[in-house]
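# Architecture and fold: a report
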Amino acid sequence: MGRQKLEQALQQKQAANQNLFVPYIMAGDGGLDLLEERINFLQESGASAIELGIPFSDPIADGPTIQEAGIRALANGTSLASILEFLKSTKVDRSIPIILMTYVNPIYRYGMEQFAKDCADSGVDGIIIPDVPMEEEGPIATHLKNEKIAFIRLAAMTSPEERLKEIASKSEGFLYAVAVMGTTGARSSHGDNVKSYLENLKKYSTVPVLAGFGVSTVEQAHELSSHCDGVIVGSKIVDLLHQGKNNEVKNLIQGSIQTSIHA
Ligand SMILES: O=P(O)(O)OC[C@@H](O)[C@@H](O)c1c[nH]c2ccccc12
């Protein structure tokens, strides 16, 4: 459970010679009833863990695809409480690690300590909070530590070297390397500077480094994975699932995790 479960699951995939692949989906997009089926589907397709987004009215880091998924989820009444309730009721049947991605505001409203406790109770293994800077993370970090939940840190390409070192050394579970400047959403390519950025983070980090933002093809996944441990894909997966193109999701995951093909 928690940080240990996440780190072991990633180690197992790497021991099986796979690139890591973490799909992001918006909880409640299509209704919470669909969520269990989607989680199982992603697990069977070869995902290493699942990043589950909590819908929020003011998602500052999100591009249009994920914003729209959030609007759909909020419109059908999905809340942080209902998502935790769902996760709790399905946890015995679930083996894939679950990472919640939420802005800090819903955590404050819920109550920070209660949030950490209920996450642990619901079988949540890791948390990503994109809008808490390192200087302000103390209280939430303490609560997550008490519950043995991995606090996954985000690195940005704009951060100076010393800051990147500190973020990388603190991250738990894995390190989320944001590979573009800007919001979430598919991009046609990543800049040349991404390679050295990822390779530096690999040097500083004791946990796997995963690149996210802008990844939508197997080729991009291979290109980035050759400089780190794998990728996170959000907008493309959200889009394909919304269109019912599950087969394409499966192909994207299965192609990306293969290490025998090089970009
Ligand atoms: O959508 P993309 O470009 O594939 O990027 C992943 C991203 O969606 C997911 O990790 C995510 C969704 N919202 C976020 C907010 C901050 C950091 C990360 C995220």
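These remarks concern the structure in this document. Within any chain, residue numbers begin from 1 and follow the written order of that chain's sequence. Predicted model: local features are reported for residues with pLDDT of at least 70 only, side-chain atom pairs are reported and counted for 80 or more only, and whole-chain, interface and lining totals are derived from all residues.

Here the focus is the nonpolar core. One nonpolar core equals one set of buried Ala, Val, Leu, Ile, Met, Phe, Trp, Tyr and Cys residues connected by C-beta atoms within 7 Å. Here exposure depends only on C-beta density: within 10 Å of a residue's C-beta, 20 or more other C-beta atoms make it buried, 12 or fewer make it exposed, and intermediate numbers make it partly exposed, the C-beta atoms being placed from the backbone. Counting residues in each nonpolar core, the largest one holds 79 residues, and the members touching the most others are Tyr-176, Ala-177 and Leu-210. Element by element, the count of residues in this core is highest for strand E1 (residues 20-26), at six residues. It is the C-beta atoms, placed from the backbone, that decide contacts: two residues are in contact if theirs lie within 7 Å. The contact partners of Tyr-176, leaving out residues within four places of it in the chain, are Ile-128, Ile-152, Arg-153, Leu-154, Ala-155, Leu-210, Gly-212 and Ile-232. The numbering of helices and of strands both runs from the N terminus, where a helix is a DSSP run of H or I of at least 4 residues and a strand a run of E of at least 2.

Before going further, it helps to spend a moment on the environment of Met-1. Looking at the secondary structure, you find Met-1 in the segment before helix H1 (2-15). Separated by 119 residues in the primary sequence, Met-1 and Ala-120 place their C-alpha atoms 8.1 Å from one another. With residues up to four places along the chain from it excluded, the contact list for Met-1 reads Gly-123, Asp-125 and Lys-148.

Attention now moves to helix H11 (residues 235-242). Because the α-helix completes a turn every 3.6 residues, residues three or four places apart line up on one side. With respect to burial, H11 is a largely interior element, six of its eight residues being buried. Within the span of H11, buried status applies to Ser-235, Lys-236, Ile-237, Val-238, Leu-240 and Leu-241. Of the surrounding secondary structure, the elements contacted by the buried residues of H11 are E1, helix H2 (35-44), helix H3 (64-75), strand E9 (230-233) and helix H12 (246-257). Just beyond H11, the residue with positive phi is Gly-244, at close to 75 degrees.

A few words on the sheet that holds strand E7 (residues 175-178). Spatially, nine strands are ordered E5-E4-E3-E2-E1-E9-E8-E7-E6 in an open sheet, and the strand pairing comes out parallel. A strand with exactly one partner marks an edge of an open sheet, and here the two such strands are strand E5 (150-152) and strand E6 (154-155). When DSSP finds at least two bridges between two strands, those strands are taken to pair. The pairing of E6 with E7 spans two bridges and is classified as parallel. Counterpart to Ala-155 in the pairing with E7 is Ala-177. Lines fitted to C-alpha atoms define the axes here, with helix axes fitted over just the stretch in contact, and angles between the N-to-C directions of these axes take values from 0 to 180 degrees. Across the face of the sheet, H11 comes into contact with E1 and E9 while running at roughly 55 degrees to E1.

With that out of the way, let us pick up unusual backbone geometry. Its identity is not glycine, yet Lys-148 carries a phi of approximately 60 degrees, on the positive side. Here Lys-148 shows up in the loop between helix H7 (138-146) and E5. The phi torsion at Phe-213 lies on the positive side, around 90 degrees, for a residue other than glycine. Topologically, Phe-213 is positioned in the loop between strand E8 (209-212) and helix H10 (218-225).

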